[in-house]
Structures are given as structure tokens and as C-alpha cells.
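# Overview (structure and organization)
Listed below, chain by chain, are the residues.
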Amino acid sequence: MLSRQTLPPEAKSISLLWDGLGFFLARKGRQHGIEHWDTRTFHQTHLPQNPPRWVSRMMRVLFALVFALSFTVSSVAAQHRVALIIGNAAYETAGALDNAGRDAALAEAVFRSVGYETLFAQDLDGPGMARQLAAFKIAADGAEVAAIYFAGHGFQDRGRNYLMPVDASVSSQDAVVATSLPVEELLAAFPDTATTKLLMLDACRDAPFSGPGEGLTTPGLARLNHKVADLMVLYAAQPDHVAFDGPGQNGPFVRAMAAALTSRDSVFLSDALVEITDRVKGATLGQQIPYIEGTLSRHVA
């Protein structure tokens, strides 16, 4: 239940006006022989058989306010948005990443600033990543938009994508595959009840494993070719290409994301994804081009 403290400004104004009208009714009612008027239960005691016309008028106003308040609160509930942000940088055996942790922190701040409830975690091992995905699936149940952002090491093996927890082993090809998280587990974390789903993979920065084996020689990530309805996947770089960690405090992908989502008061998600792609392409002089996969059946602002 939304309390007045958690209501948006419009709903707070209606709620305060409601209380003010209740005070007015109580005062006015006592002048006309109405001993008690409770605006929360509409309970009246000692009401005259033929109440003044002002009572009928005020009742119509009150019912209109109840409808407006209910509609506003329902709209707020319908706009429930949840984002899971994971940044893995302090790898134990794979190469540490300079910017992944800061990129995730920036992504979390951006999501929060545009109205998302955020779940944020850094430097997770395998079980930790699984726990965060399970928590996200519960939190995002029924959300208008459910989003996952991952920054860290990622790779493809025989056309299948994996994301690396910080404790992943790189002692062999089999070991790194066995100790990493298939991207399909992220897809499974999106609840069916979420209207729109967004997966952002800032996870193809460099090769974390250079041992023998033909499967890991292809750089970057592969296309998912998923069949999830209303899911957009945004890769930091095109399939089979490496994304840059960036020379500054943050990588070009998350910088573009921050600019696209916060530069205007409102932006459609589809337009923001195109803008992110254009910004990264420009910032890297065409060396890194994000890739979008999926379809949306509705506009999301």
C-alpha cells in the first residue's frame, strides 16, 4: 500500500485536498446538525432527512477525488521498473578490469535517477550471481520494465555466451566454461509477468582465456538468437567484436547510456538504444559499434 510519503506529488496533493475537504465537511456539518462525518468511511450520524444542497455537491466532489486518487496510484503501480546491475572487476585468476566496477556504479545511478528500483552488486562469485538473479526475478515480478546490466568479462564458446564471476577458473577451456554463467540464466531470470525486458551486456572487453581450444578463439560475444517476447538485448559491441574498457573513469558504452537516458526528461527506450549506438560509434571513431537484438511490441518511455 502506498503511504502519503511514497506517493508522487500529484497523489499527495489530492490526498491533502481530501483531508482538507473532510475538515471543511466536519465543520460545516456541525452547523447543520451533523454531529460526525468520517471521510474515510463515509459514515454519517444524525444526518437530517433533507440535507442541504451543499452536502450533495460536496459528495460529488469527494467521489471525483477518490476516483482521481485511485487512478493516479494505479498509474504509479503500473510504472514499476526494476533493474539489476552487476559489475565484476576484481577477478581472481582472469585479468582485472579497470572500469567495470565504476561502470556498474554509474549504470546503477542512471537507472535510479530515471525511476527504477535497483539491485546493485559488485565482484560476485558464481553463487553470488545466482542469488542476485533469483532476487531480481522476485523483485521484477509484474514490472513494466525489467532490466539487467552486466559489466565484466564475457566470452563465447561454440556459439554460446558466458559471463564470468570473479572466481571463475581460467586453468583450461573446460574449466572457464564450467565456472562461468551461461547468458541463458540471465534470460531465465526475467519474470514472464514483466511487460518489457532489457538486457545490457557490457561484457566483451577482452579475452580472459588464452589456453588451447578452438572454441574460445572468437572474440567478443555471439548473437543470442533468443525467442523471448518483448526482450531487447543491447551488446556493448557487435557480435564477434571486442568492447573497449575506455581510457577514462568509465567505458564508452556506459557513458553513452548515461547521456542517452538522462539528457532529456523523457525518451522512448527504442530511441535511447539507437542513441547509445550512435554515441559509442562516434566516441570510438567507429572502432566499437553496439549491437541491438530483439523486438518490442510497445513504446516504453
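Going by the structure above, here's the rest.
So, a few notes on the structure that sits alongside this text. (Residues numbered from 1 in each chain as written. Predicted model: local features only at pLDDT ≥ 70, side-chain atom pairs only at ≥ 80, totals over all residues. Heavy atoms only, no water.)

## Focus on the overall build of the protein
Regarding its fold elements, the protein presents 8 helices and 11 strands. Counting across all 301 residues of the protein, residues that qualify as buried make up 47%. Long-range pairs, those at least 24 residues apart, make up 69% of the contacts in the protein with a sequence separation of at least 6. In the form shown here, the protein has an accessible surface area of approximately 14900 Å², with 55% of it arising from carbon and sulfur atoms. (Helix = DSSP H or I, 4+ residues; strand = E, 2+ residues; numbered from the N terminus. Buried < 20%, exposed > 50% of the residue type's maximum accessible area, 1.4 Å probe, protein only. Contact = heavy atoms within 4.5 Å. Areas by Shrake-Rupley, 256 points an atom, 1.4 Å probe, with all protein chains shown as cover.)

## Some remarks on the pairing of strand β6 (residues 154–157)
Burial of the side chains of β6 extends over both faces: G154 and Q156 are buried on one face and F155 and D157 on the other. In this structure, β6 lies alongside strand β7 (residues 160–163), joined through 4 bridges in antiparallel fashion. Considered in β7, the bridge of D157 is made with R160. Counted along the chain from β6 to the antiparallel partner β7, the turn is 2 residues long, and its residue R158 has a positive phi close to 55°. (Pairing = 2+ DSSP bridges.)

## What about the pattern of salt bridges?
The final tally for this structure, using the stated rule, is 7 salt bridges. Between E184 and R160 there is a salt bridge; the shortest N-O distance is 3.4 Å. Of the two residues, E184 sits in helix α6 (residues 184–189) while R160 sits in strand β7, which places them 24 residues apart along the sequence. The residue R279 makes a salt bridge to E275 at a minimum N-O spacing of 2.9 Å. Separated by 4 residues within a single helix, R279 and E275 lie in helix α8 (residues 269–283), roughly one turn from each other. Assessed through its relative accessible area of 37%, R279 is described here as partly exposed. For E275, a relative accessible area of 15% corresponds to the buried category. Through salt bridges with shared partners, one network takes in R264, E275 and R279. (Salt bridge = Lys/Arg side-chain N within 4 Å of Asp/Glu carboxyl O.)

## Structural notes on the packing of aromatic side chains
Counted according to the given criterion, the structure contains 4 aromatic pairs. Taking 5.0 Å as the distance between ring centres and 70° as the angle between the ring planes, the aromatic pair formed by F111 and Y116 counts as edge-to-face. Summarising the burial analysis for this pair, F111 and Y116 share the class buried. Centroid distance F155 to Y162: 5.3 Å. Interplanar angle 15°. Geometry classified as stacked. (Phe/Tyr/Trp six-rings, centres within 6.5 Å; stacked < 30°, edge-to-face > 60°.)

## As for helix α7 (residues 252–262)
Across the 11 residues that make up α7, a large majority, 8, are buried. Taken as a whole, α7 has its buried residues at P252, F253, V254, A256, M257, A258, A260 and L261. Buried-residue contacts for α7 involve α3 (100–113), β5 (145–151), β9 (196–202), β10 (231–235) and α8.

## Quick notes on the sheet that holds strand β8 (residues 181–182)
Spatially, 3 strands are ordered β6-β7-β8 in an open sheet, and the strand pairing comes out antiparallel. Strands at the two margins of the open sheet, each flanked by one partner only, are β6 and β8.

## Quick word on the sheet that holds β10
Strand pairing in a sheet relies on backbone hydrogen bonds. The paired strands run either parallel or antiparallel. Strands sit in the order β4-β3-β5-β9-β10-β11 across an open sheet of 6 strands; the sheet is mixed. Edge strands, defined here as strands with exactly one partner in the open sheet, are β4 (117–122) and β11 (291–294). Averaged over neighbouring strand pairs, the angle between their axes works out to 10° when direction is ignored. In the sheet, strand β3 (residues 81–87) pairs with β4 via 6 bridges, with the strands oriented parallel. Across the sheet, the residue bridging to I86 is A121, located in β4. The strands touched by helix α4 (residues 126–139) within the sheet are β3, β4 and β5, with β3 carrying the most contacts at an inclination of about 170°. (Axes fitted to C-alpha atoms, helices over the stretch in contact; angles between N-to-C directions.)

## Remarks on α4
Taking 1.5 Å per residue, 14 residues should reach 20 Å; α4 reaches 20 Å between its end C-alpha atoms and fits that length. Its side-chain oxygen placed 2.8 Å from the backbone nitrogen of G128, D125 serves as the N-cap of α4. (Expected span 1.5 Å × (residues − 1). Polar contact = N/O pair within 3.5 Å; in protein donor to acceptor, adjacent residues only side chain to side chain.)

## Let's talk about the side chain of R81
By secondary structure assignment, the location of R81 is in strand β3. Its relative accessible area of 14% is what places R81 among the buried residues. Within the local environment of R81, its side chain forms a polar contact with the side chain of E144, the two groups lying 3.0 Å apart.

## Observations concerning the environment of V82
Within the fold, V82 resides in strand β3. Residue V82 is classed as buried on the basis of its relative accessible area, which comes to 0%. It is 7.9 Å that separates the C-alpha atoms of V82 and F136, two residues lying 54 residues apart in sequence. V82 has contacts with Y116, E117, L119, F136, A139, A140, A143, V145, A146 and A147, leaving out every residue within four places of it along the chain.

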